[in-house]
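Overview (structure and organization)
Listed here are the chains, written in short residue letters.
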Amino acid sequence: MRRRWYVALLGIGLAAPAFAAAPSRTDVAWTAEHLPESLQDGRLLALPWPARPLHAGERQTTFDLGGESAGADLGDARGWLAAAGATWARSERFGLGGLVFYDQSSISGDGTRDRLRATFEEGVPLALPAMADFGRPRGQVRHWGAGGYAVWERSGSGGVWRRTILAGAYFERLDVEGFRFDYRIVSGPDAGARGELDWSAGYDFATPFAGIGWTRSLGSAWSISPRLVAGQPLPRRRLAGTMSGPGFAVRGRSSGAAMGDAYLGGGLAFTHLSTGLAFDVGSSLWYAATEPITHQGLDRAILVHVAWTH
């Protein structure tokens, strides 16, 4: 059983960079996709986990609060995350749970110079690709959803480590509101042309996820819990937006960039046993190290979150 879970999580994890990086980033649309999409990765890392051992007939409730920031040359997405989950133990080894979450980020920054391509399926009356200056990124991203899961728990043969497996799914809504930035073409026949790119759109996903964690005591006051979690938003949806310029406005979907990448996340939580407070240091390190790899164009990423279980 354990080996099958390892293989499944590893498979999703290996697929995640492939989905995010193929084809490789070639223009500003990839950064525009990855800024709001980073919020989905942060959420998967900050799902509310059951922290205490299962006891038949008991319920444990977990609240999770945090902050998140993902940045690129174009701009930054910064905001907060909030979630709650409850687990009902049916026995010492099995339980059922539910969760809800709401996350919000604002987009701002100074802009950058990058390649502008004919992003949408419908053509635009400009000679593209061309280099362009992009300025005044602004907007916000709202991310919310709810779901359920099953949890299996078992102690190792030596009784030191307790293994917890989660499997479930949540429905999520990603609302990208007012995400716009200006452009000015600086190369080619249309150099000097100005306009606006607007990536405002809403995306719905059903996201199956699976996670595994191991917990052991660190003395009488603390416990430690390394974790892995993986998920895949379905279906993947092509990036939608509007490009306007001198005498035109074209609305369409990207022929390349798509929202909803597979993701493998890791964490290492330290829980204070008497208060139920948990500090997931590992997810902060994982997010900072892997987000610029799985989401090309991002060059900095910060995630901090604290959970409380009672």
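Computed from a predicted model, the values in this text were never measured in an experiment. (Residues numbered from 1 in each chain as written. Predicted model: local features only at pLDDT ≥ 70, side-chain atom pairs only at ≥ 80, totals over all residues. Heavy atoms only, no water.)

1. Considering the overall build of the protein
Helices and strands together make up the secondary structure of the protein, namely 3 helices and 14 strands. Counting all 310 residues of the protein, 52% fall into the buried class. If you take every contact in the protein between residues at least 6 apart in sequence, the share linking residues at least 24 apart comes to 72%. Accessible surface computed for the protein: about 13100 Å², of which carbon and sulfur atoms make up 59%. (Helix = DSSP H or I, 4+ residues; strand = E, 2+ residues; numbered from the N terminus. Buried < 20%, exposed > 50% of the residue type's maximum accessible area, 1.4 Å probe, protein only. Contact = heavy atoms within 4.5 Å. Areas by Shrake-Rupley, 256 points an atom, 1.4 Å probe, with all protein chains shown as cover.)

2. A closer look at the confidence of the model for the protein
Residues with a pLDDT of 70 or more make up 90% of the protein, whose mean pLDDT is 89. Every residue in residues 5-24 scores below 50 in pLDDT, and together they form 33 contacts with partners more than four places removed in sequence or on other chains. (pLDDT = per-residue confidence, 0-100.)

3. Looking at the pattern of salt bridges
For side chains of opposite charge, pairing can occur when their charged atoms come near one another. Tallying each qualifying case throughout the model produces 15 salt bridges. With a closest N to O distance of 2.9 Å, R300 and D76 form a salt bridge. In this pair, R300 sits in strand β14 (residues 298-309) while D76 sits in strand β2 (residues 76-89), placing the two residues 224 residues apart along the sequence. Under the relative-accessibility criterion, R300 is labelled partly exposed at 38%. The partner of R173 in a salt bridge is D204, with the nearest N and O atoms 2.9 Å apart. Remark: D204 occurs in strand β8 (residues 201-218) and R173 occurs in strand β6 (residues 162-185); sequence separation between them is 31 residues. Looking at R173, the relative accessible area reads 23%, which means it is partly exposed. In this structure D204 comes out as partly exposed when scored by relative accessible area, which is 38%. One network of salt bridges, with partners in common, ties together R136, R138, R180, D182, E196 and D198. (Salt bridge = Lys/Arg side-chain N within 4 Å of Asp/Glu carboxyl O.)

4. Points about the environment of A257
Looking at the secondary structure, you find A257 in strand β11 (residues 248-259). With residues near it in sequence (within four places) discarded, A257 still touches A29, W30, E33, R238 and L239.

5. Regarding the packing of aromatic side chains
Here the structure, examined in full by the defined rule, presents 8 aromatic pairs. Between W80 and Y102, the aromatic rings sit 5.7 Å apart at their centres with planes inclined by 40°, giving tilted as the arrangement. Here the residue W80 occupies a position in strand β2, and Y102 occupies one in strand β3 (residues 94-108), the gap between them amounting to 22 residues. The interplanar angle of 40° and the centroid separation of 5.6 Å between the aromatic rings of Y170 and F209 together place this pair among those described as tilted. Remark: F209 occurs in strand β8 and Y170 occurs in strand β6; sequence separation between them is 39 residues. Under the relative-accessibility criterion, F209 is labelled buried at 5%. (Phe/Tyr/Trp six-rings, centres within 6.5 Å; stacked < 30°, edge-to-face > 60°.)

6. Some thoughts on helix α2 (residues 28-45)
Taking 1.5 Å per residue as the helical rise, α2 with its 18 residues ought to reach 26 Å, and the 27 Å between its terminal C-alpha atoms agrees with that figure. The buried fraction of α2 amounts to 18 of the 18 residues, a majority that puts the element mostly inside the structure. (Expected span 1.5 Å × (residues − 1).)

7. Quick word on the pairing of β2
Note: strand β1 (residues 59-72) against β2, 13 bridges, orientation antiparallel. Within β2, the residue paired with F63 across the bridge is A84. Hairpin remark: β1 followed by β2, antiparallel, with 3 residues in the connecting loop. Relative to β3, β2 runs antiparallel, the two being bridged by 14 bridges. Across the sheet, the residue bridging to T87 is G97, located in β3. Hairpin geometry of β2 and β3 is characterised by an intervening segment of 4 residues between the two adjacent antiparallel strands. (Pairing = 2+ DSSP bridges.)

8. Some points on the packing of α2 against helix α3 (residues 281-294)
Two elements in contact, α2 and α3, have axes whose closest approach is 11 Å; the angle formed by their N-to-C orientations is 150°. Judged by the inter-axis angle, α2 sits roughly antiparallel to α3. Of the two possible hands of crossing, α2 and α3 adopt the one that is right-handed. Along its contact with α2, which presents S38, D41, G42 and L45, the element α3 presents S283, W286, Y287, E291 and T294. The class makeup of the residues in the contact of α2 with α3 is 3 nonpolar, 4 polar and 2 charged. (Axes fitted to C-alpha atoms, helices over the stretch in contact; angles between N-to-C directions. Parallel < 35°, antiparallel > 145°, perpendicular 65-115°, else oblique. Left-handed = near helix turned anticlockwise from the far one by under 90°. Nonpolar A, V, L, I, M, F, W, Y, C, P; charged D, E, K, R; others polar.)

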